[in-house]
Amino acid sequence: RPGSHLFLLDGFFVKSNTPNSSKSTMKVLYILMSLVWMVEGRGGQQSQKHGGYPRSACPPSDDDPQPQQRIDTSDVLTRFRQEMAKTTSRAEKFDAYLVPGSDAHQSSILAERDKRIQYLSGFTGNKAMAILTQDKAAIWVDPYDAEQADEEVSCDWTIYTNSKNDVSIPLWIQMNLRARSRIGVDASLISQSQWEILSKRVTLVPVRNNLVDLIWANRPQYENYKATPLAPPLGLMQWSSKIARVREALRNESCDMLLVTALDEICWVLNLRGKETEYLPVIRAYLVITDKVIYLYTNISKIGDVANGVLKADNCYSATCVRLIPYENVWGDLKTMSSQIWKKVWFPSDAPFLPGGSHAIYDIIQADKISKVSPIALMKAAKNEDERMGMSNAHVRDAVAFCDFMAYLGNQMKAGEEWDEHKAAMTLDDFRRQQPMSEGISFKTVVAFGAHSALPHYRTNNITSLKINSSSVLLIDSGGQYTDGTTDLTRTFHLGKPTDEQINVYTRVLMGLIDLASATFPDSFTLQEADVLARGPLWDAGMDYGHPTGHGVGCYLSVEEGPLMISQDDHPKHKFKDGYFVTDGPGYYEEDQYGIRLENVLEVVPHPKNDTVRKLLTFRSATLVPFEPKLIDRKLLSPKQISWLNAYNTRIREEVGTELKKTNANERLLLDDGEGTSDPRRPLLGHQSLLLTPVVSSHLHLSFSPYLSLIYAYDHVGRLFTLI
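None of the values given here were measured: they were computed from a predicted structure. (Residues numbered from 1 in each chain as written. Predicted model: local features only at pLDDT ≥ 70, side-chain atom pairs only at ≥ 80, totals over all residues. Heavy atoms only, no water.)

1. Quick notes on the overall build of the chain
Next, step 1: The helix and strand tally for the chain stands at 21 helices and 30 strands.
Next, step 2: Taken over 724 residues, the chain has a buried fraction of 59%.
Next, step 3: When contacts within the chain are restricted to residue pairs at least 6 apart in sequence, those whose partners lie at least 24 apart make up 72%. (Helix = DSSP H or I, 4+ residues; strand = E, 2+ residues; numbered from the N terminus. Buried < 20%, exposed > 50% of the residue type's maximum accessible area, 1.4 Å probe, protein only. Contact = heavy atoms within 4.5 Å.)

Following this line, the structure appears as structure tokens:
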């Protein structure tokens with residue numbers, strides 16, 4: 001009986017403050033309860049009482065202290081509910097308020113001013129959504145972010161996940177609100193696709209003034225910067241040539257206007273970069289493209305003189321210049337021109353990593369609309385020759401920074417210095433920023449040790465930071481922004497002696513990475529089909545991982561670039577094209593113990609032998625960072641996998657090694673193959689370790705990081721592998 005199920009589950013949930021050993025059991029029961037809710041529909045008082053992800057230290061008590069990083073937002077919630085009561089009594093009538101976790105451009109990387117969910121709840125992750133009533137507060141997060149949300153969000157909140165097996169927002173509304181309830185939302189923050197999905201089951205009400213903004217005291221301002229045009233090599237393809245391609249796509253669809261709402265698409269097509277967020281070099285703007293005009297709606301004061309000149313913005317009255325218009329004018333102009341001038345408008349629809357335009361924008365356009373993925377998205381995904389060269393060069397410099405850091409970390413730990421996750425992340429960021437052409441990092445660096453590495457979306461912070469030692473694995477997921485490219489890299493290490501299980505798992509994850517990276521396939525091959533290649537070696541051992549294998553990568557733009565995603569999920573089946581850059585990132589996670597993930601960025605290139613009827617493609621690895629030899633079981637590797645790994649290590653020696661030696665003008669460092677010769681082009685044959693001999697070394701010491709970088713790089717590519 002339903003009551004019996006919930007009563008038995010209740011016995012476990014009363015023990016929500018028990019030690020971590022029962023946490024796995026609680027999570028299983030939570031999933032079972034979610035299924036019960038889905039069967040029962042509205043549910044009873046018990047299901048409402050116990051709904052949501054199992055909370056630690058809730059309700060608060062003196063015997064069970066709150067997690068250190070948990071934020072008490074009860075005062076914020078009180079002021080929000082007071083404002084909600086005033087708003088519903090004045091004009092728009094609604095019973096609950098929905099808070100999307102995005103900005104007006106549906107961005108996933110937000111400026112501090114747009115982090116409304118973080119202000120309301122304390123949750124610092126991405127892809128969240130919240131709903132509030134006068135007595136309830138619920139938040140939906142990615143399944144892998146649930147534990148982080150539990151650590152950060154106060155007991156005032158109930159936590160749910162976006163899993164298909166969990167309680168959805170419409171179901172929660174059915175369970176907690178009366179029939180025909182109305183849900184208020186800022187329509188500029190919710191995509192049209194999300195609006196359509198939710199509107200099928202609940203009544204959404206656009207609310208003119210955002211309630212969070214009304215109560216947010218000392219709300220941060222947007223960054224003050226000057227947008228700059230791209231420098232060579234990325235800027236060699238003129239923005240006017242890109243606009244011409246867009247206009248051709250418009251004519252093919254018989255559309256009068258393309259509305260561009262995604263910030264990275266605007267920056268790509270106009271060859272601009274800005275500093276609107278910490279990790280994404282974009283400007284905040286809308287772009288209107290027709291056959292005769294180009295309108296850029298933005299904060300005009302942020303368009304520097306150089307960018308203004310490149311865009312030919314002064315006295316712009318032709319089809320080959322960009323007219324600058326204040327950002328806030330977009331609403332009135334779209335309404336007027338779509339009712340009087342344009343007959344058919346191309347509105348951007350959703351795709352992986354591309355939520356599309358907002359409902360507010362969609363609703364204001366009076367003309368006929370076609371909803372389709374923006375043509376700029378796929379143009380941007382296929383990099384031109386200048387972008388490909390830039391990405392390649394950026395990855396070499398990024399490898400220098402990473403090898404330099406790992407050598408420094410290893411040396412300092414051997415000297416007895418204590419390191420924790422947060423210190424390591426900050427130091428790695430500094431190494432990247434010191435590289436030529438660096439513009440910082442492409443996302444928040446993840447350094448996860450031991451049990452933290454078992455959390456695929458763990459976010460390193462100074463509160464929960466673990467000490468790094470030789471007892472477990474160390475996972476580092478990081479990337480850089482350079483003026484010629486964007487990088488994304490994950491490596492897993494062990495600073496002590498790994499277990500047989502960890503070696504087996506690491507090797508299988510590496511095998512999956514290699515199987516995808518070494519694949520040859522026709523140009524009809526889809527990203528969805530490629531996913532099985534990375535999972536195969538893990539499946540053979542009964543293992544798997546719950547996240548996508550890969551995603552697109554922008555060029556000095558977004559590190560997660562749509563619409564490309566290598567995943568089994570149901571999404572548009574895009575085919576691989578020459579010039580795509582995608583990540584290859586299999587992993588495995590043993591809950592509360594350890595996690596292993598490896599990730600390379602791959603460039604799609606023509607196969608050297610193309611004698612078949614179909615065009616054949618393959619991959620070239622842009623990432624050039626060694627793997628951890630002590631975690632590899634050579635006996636599990638096939639001859640093809642060993643051959644790929646040797647070729648990969650040779651590229652590291654030749655490309656990264658050469659760059660590492662350039663970092664020290666006073667020291668000439670050459671490879672010694674143990675036979676009296678020094679040839680960096682020599683293939684990795686046999687089991688001997690490659691050593692470095694300083695030919696001139698008047699002041700060489702252990703803390704000299706370029707020297708140690710070379711030791712690290714060559715030590716990690718020269719130990720185990722024999723060409724077969």
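2. Digging into the environment of F521
Next, step 1: Structurally, the position occupied by F521 is in strand β21 (residues 521-522).
Next, step 2: Considered as a pair, F521 and F576 are 55 residues apart in the sequence and their alpha carbons are 9.1 Å apart.
Next, step 3: Other than its neighbours up to four places away in sequence, F521 contacts F576, K615, L616, L617, T618 and F619.

3. Some remarks on the sheet that holds strand β13 (residues 344-348)
Next, step 1: Taking strand neighbours across the sheet as the criterion, the 6 strands line up as β12-β11-β10-β8-β13-β14 in an open arrangement whose pairing is mixed. Either end of the sheet is taken by a strand with one partner, and the two such strands are β12 (323-326) and β14 (368-372). With direction set aside, neighbouring strand axes in the sheet form an average angle of 20°.
Next, step 2: One ladder, built from 4 bridges, connects strand β11 (residues 294-298) with β12; its direction is parallel. If you follow L296 over to β12, its bridge partner there is L324.
Next, step 3: Helix-sheet contacts for helix α10 (residues 239-252) involve β8 (257-260), β10 (285-290), β11 and β13, and the interaxial angle to β10 is about 65°.
Next, step 4: Sheet strands touched by helix α11 (residues 263-270): β8, β10 and β11. Its angle to β10, the strand with the most contacts, is close to 55°. (Pairing = 2+ DSSP bridges. Axes fitted to C-alpha atoms, helices over the stretch in contact; angles between N-to-C directions.)

4. Topic: the nonpolar core
Next, step 1: Residues F405, I476, F576 and F627 are the most contacted members of the largest nonpolar core, which totals 67 residues.
Next, step 2: Tallying contributions element by element places helix α18 (residues 500-517) first for this core, with 10 residues.
Next, step 3: Core analysis: the second largest hydrophobic core is formed by 39 residues, I266, Y279, L296 and M379 among them. (Core = buried A, V, L, I, M, F, W, Y, C linked by side-chain atoms within 4.5 Å.)

5. Some points on the sheet that holds strand β19 (residues 485-486)
Next, step 1: As summarised here, the arrangement of the 3 strands in space is β15-β18-β19, forming an open sheet in which the pairing is antiparallel. Strand pairing shows two members of the sheet lacking a second neighbour, β15 (438-441) and β19, which therefore form its edges.

6. Concerning α10
Next, step 1: The terminal C-alpha atoms of α10, which comprises 14 residues, lie 20 Å apart, in line with the 20 Å expected from a rise of 1.5 Å per residue.
Next, step 2: Regarding α10, the residues found buried are W239, K242, I243, V246, R247, A249 and L250. Projection of α10 onto a plane perpendicular to its axis shows the buried side chains occupying an angular sector of 155°, all on one side.
Next, step 3: Phi turns positive one or two residues past the end of α10, at S254, with a value near 55°. (Expected span 1.5 Å × (residues − 1). Arc of directions from axis to C-beta.)

7. Re the packing of α18 against helix α19 (residues 527-540)
Next, step 1: Packing of α18 against α19 leaves a shortest axis separation of 8 Å and a crossing angle of 155°. Considered as vectors, α18 and α19 are oriented roughly antiparallel to each other. For the element pair α18 and α19, the recorded crossing hand is right-handed. Residues R508, V509, M511, G512, D515 and L516 of α18 touch α19, and the partners they reach there are A530, L533, A534, P537, L538 and D540.
Next, step 2: Class assignment of the residues belonging to the contact of α18 with α19 gives a composition of 8 nonpolar, 1 polar and 3 charged. (Parallel < 35°, antiparallel > 145°, perpendicular 65-115°, else oblique. Left-handed = near helix turned anticlockwise from the far one by under 90°. Nonpolar A, V, L, I, M, F, W, Y, C, P; charged D, E, K, R; others polar.)

8. Details of the state of the cysteines
Next, step 1: Taken as a whole and assessed by the stated rule, the structure comprises 2 disulfides.
Next, step 2: Disulfide pairing is shown between C58 and C155; the S-S distance is 2.0 Å. Disulfide C58-C155: torsion about the S-S bond near -90°, hence left-handed. With C58 in the loop between α3 (45-50) and α4 (74-90) and C155 in the loop between α6 (146-152) and β4 (158-161), this pair connects stretches of sequence that are 97 residues apart.
Next, step 3: Looking at C58, the relative accessible area reads 13%, which means it is buried.
Next, step 4: Given the relative accessible area of 25%, C155 is considered partly exposed. (Disulfide = S-S within 2.5 Å.)

9. Quick look at the pattern of salt bridges
Next, step 1: The full count for this structure, using the stated rule, is 33 salt bridges.
Next, step 2: Linking R459 and D145 is a salt bridge whose minimum nitrogen-to-oxygen distance equals 3.1 Å. Residue R459 is found in the loop between β16 (446-449) and β17 (473-478), and its partner D145 is found in the loop between β3 (137-141) and α6; the two are separated by 314 residues along the sequence.
Next, step 3: By relative accessible area, D145 is classed as buried at 2%.
Next, step 4: Residue R219 is joined to D213 by a salt bridge in which the shortest nitrogen-to-oxygen separation is 3.5 Å.
Next, step 5: Judged by relative accessible area, R219 falls into the buried class, the value being 16%.
Next, step 6: Judged by relative accessible area, which is 23%, D213 ranks as partly exposed. (Salt bridge = Lys/Arg side-chain N within 4 Å of Asp/Glu carboxyl O.)

10. Structural notes on the side chain of N384
Next, step 1: Here N384 is to be found in the loop between α15 (375-381) and α16 (385-414).
Next, step 2: A distance of 3.1 Å separates a polar atom in the side chain of N384 from the backbone nitrogen of D386. (Polar contact = N/O pair within 3.5 Å; in protein donor to acceptor, adjacent residues only side chain to side chain.)

11. Looking at the confidence of the model for the chain
Next, step 1: For the chain, the mean per-residue pLDDT works out to 86, and 84% of the residues sit at or above 70.
Next, step 2: Segment residues 665-707 is flagged for pLDDT under 50; beyond a separation of four residues in sequence, or across chains, it makes 91 contacts in the model.
Next, step 3: Here residues 718-724 is a poorly scored stretch, pLDDT under 50, and it has 35 contacts once near neighbours within four places are set aside; other chains count. (pLDDT = per-residue confidence, 0-100.)

12. Focus on the pairing of strand β24 (residues 581-584)
Next, step 1: Here β24 shows no split at all, with F581 and T583 on one side and V582 and D584 on the other all buried.
Next, step 2: Pairing geometry for β24 and strand β27 (residues 600-606), over 4 bridges, is antiparallel. Bridge assignment links V582 to a residue of β27, and that residue is L602.

13. Observations concerning the pairing of strand β20 (residues 489-494)
Next, step 1: Counting buried positions over the 6 residues of β20 gives 6, a clear majority of the element.
Next, step 2: In β20, alternate side chains face the same way, and those of L489, R491 and F493 on one face and T490, T492 and H494 on the other are all buried.
Next, step 3: With 6 bridges joining them, β17 and β20 adopt antiparallel strand pairing. Each bridged residue has a counterpart across the sheet, and for L474 the counterpart in β20 is F493.

14. Considerations on unusual backbone geometry
Next, step 1: Residue C58 is joined to P59 through a cis peptide bond whose omega torsion reads -5°.
Next, step 2: Of note, P59 is situated in the loop between α3 and α4.
Next, step 3: Note that the residue after G562, namely P563, is joined by a cis bond; omega there is 5°.
Next, step 4: With respect to the helices, strands and loops of the structure, P563 is situated in strand β23 (residues 561-566).
Next, step 5: At K127, a residue that is not glycine, the phi angle is positive and equals roughly 60°.
Next, step 6: Relative to the assigned elements, K127 resides in the loop between α5 (116-121) and β2 (129-132).
Next, step 7: For K127, a relative accessible area of 48% corresponds to the partly exposed category.
Next, step 8: Positive phi outside glycine occurs at N315, with the angle close to 55°.
Next, step 9: Structurally, the position occupied by N315 is in the loop between α12 (305-310) and β12.

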